[in-house]
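Coordinate analysis (summary)
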Amino acid sequence: MSGDLSESNAFLVGTWLQLLAMGAYFVYLPECAALVMKKFKRDRSFLVPVTCLLFFVAAMTDLVLSLVMAHKAYYIHGSQLPNPDAIYGNPAATLSLIKNTATIFIVILSDAIIIYRTFVLWDRNLLVIMVPTGLLLCDIAYGIFTVWTLAKAAHGDDIDTVAVGRARVFFIITFVLNLLCSAMICYKLWRVYSLFPAGYVAGPSATAQLFDVLVQSAAFYCATLLLIIVTNCVKSNLFFVFLGPLPSIAAYVFSVIIVRAGESVRGKCPTLMTSLRTIKKRRSGGSGLPLAINVEVDFERVVDSERVSVAEPASESDAVSRDVHEQVPSDKSPV
């Protein structure tokens, strides 16, 4: 593509973006680790700790290999000029092959996680995740085929045909899978808001609610996948720019989801996905009735109960207060 970055420069820019994404990931990592350990001591479930560990190992492996490849590509040996094309232009080289395998692994792991979150959100309904699960199996098969193809590539082969072309179908499948699951998550959240009577508005601002929906549905991750697919289809080297930080972005998004889900249990997060705290009724005049709703949400399960407190203003002669406890059907509880 004319006017495009060279392939080696695109890899280098992708490495810079990967460092930025890993920095954001490391910000959430300590709190994420603390919440995971607390959850493990409480539930003795290995699912979340093992998943977090796999994300960390895969993301760190990919980052270390990116830095090693950048060093090899641009290191000056005496009077010999660096030759980055010799490093980045051989997808069958050991470093490139391990790095691409780590990227594909973390993408497949992210697909499995978003399917699981959708499964929990939709009350463990297997029918809901049948299509995403089928896409995941296709993604795994094509991911293995992509790695095998890269391993068979010889130095000097057209990388657009060998690496970029083979990855196109893989990323399209994973994008459709994530888009489908994100749409189902967003729909479930919309259903929660639609349950509230007219005249009641949620405490958090609309901007805060929108941001939380985007985070919890992994919309940022889906946007990155879309950029990868578009740049791949137009045969732009910008494909490598967006591909570089993908493992770090996946690890970051997952850690944010873990932290915010944990904050909901501790009662720190005021957003829709983790807790619906305060709904105030607007009136044209006089004081309204504050309605407080608390919903506990865990990463692996939904607590199907809410405590609703309706406080009426006391009259001059008598003060009236009441607490209403009602069981909320499971299809109304968000993750």
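This text follows the structure it describes.
I will try to describe carefully the structure that is included in this document. (Residues numbered from 1 in each chain as written. Predicted model: local features only at pLDDT ≥ 70, side-chain atom pairs only at ≥ 80, totals over all residues. Heavy atoms only, no water.)

If you tally the helices and strands in the chain, you get 10 helices and five strands. The buried share among the 335 residues of the chain stands at 45%. For the chain, the proportion of contacts with a sequence separation of at least 24, taken over those separated by at least 6, is 73%. (Helix = DSSP H or I, 4+ residues; strand = E, 2+ residues; numbered from the N terminus. Buried < 20%, exposed > 50% of the residue type's maximum accessible area, 1.4 Å probe, protein only. Contact = heavy atoms within 4.5 Å.)

The next subject is the packing of helix α4 (residues 94-121) against helix α5 (residues 130-152). In the contact formed by α4 and α5, the axes pass within 10 Å of each other and the chain directions differ by 180 degrees. Considering the angle they form, α4 stands roughly antiparallel to α5. Contacts between α4 and α5 involve Leu-97, Asn-100, Thr-101, Ile-104, Val-107, Ile-108, Asp-111, Ala-112 and Ile-115 on the former and, on the latter, Pro-132, Thr-133, Leu-136, Asp-139, Ile-140, Gly-143, Thr-146, Val-147, Leu-150 and Ala-151. A breakdown of the residues in the contact of α4 with α5 according to their chemical character gives 12 nonpolar, five polar and two charged. (Axes fitted to C-alpha atoms, helices over the stretch in contact; angles between N-to-C directions. Parallel < 35°, antiparallel > 145°, perpendicular 65-115°, else oblique. Nonpolar A, V, L, I, M, F, W, Y, C, P; charged D, E, K, R; others polar.)

The next subject is the packing of helix α1 (residues 7-43) against helix α2 (residues 47-74). Where α1 contacts α2, the two axes come as close as 10 Å, and the packing angle between them is 155 degrees. One way to sum up the angle between α1 and α2 is to call them roughly antiparallel. The element α1 and its partner α2 pack so that their crossing is left-handed. Looking at the contact of α1 with α2, its residues break down into 20 nonpolar, five polar and two charged. (Left-handed = near helix turned anticlockwise from the far one by under 90°.)

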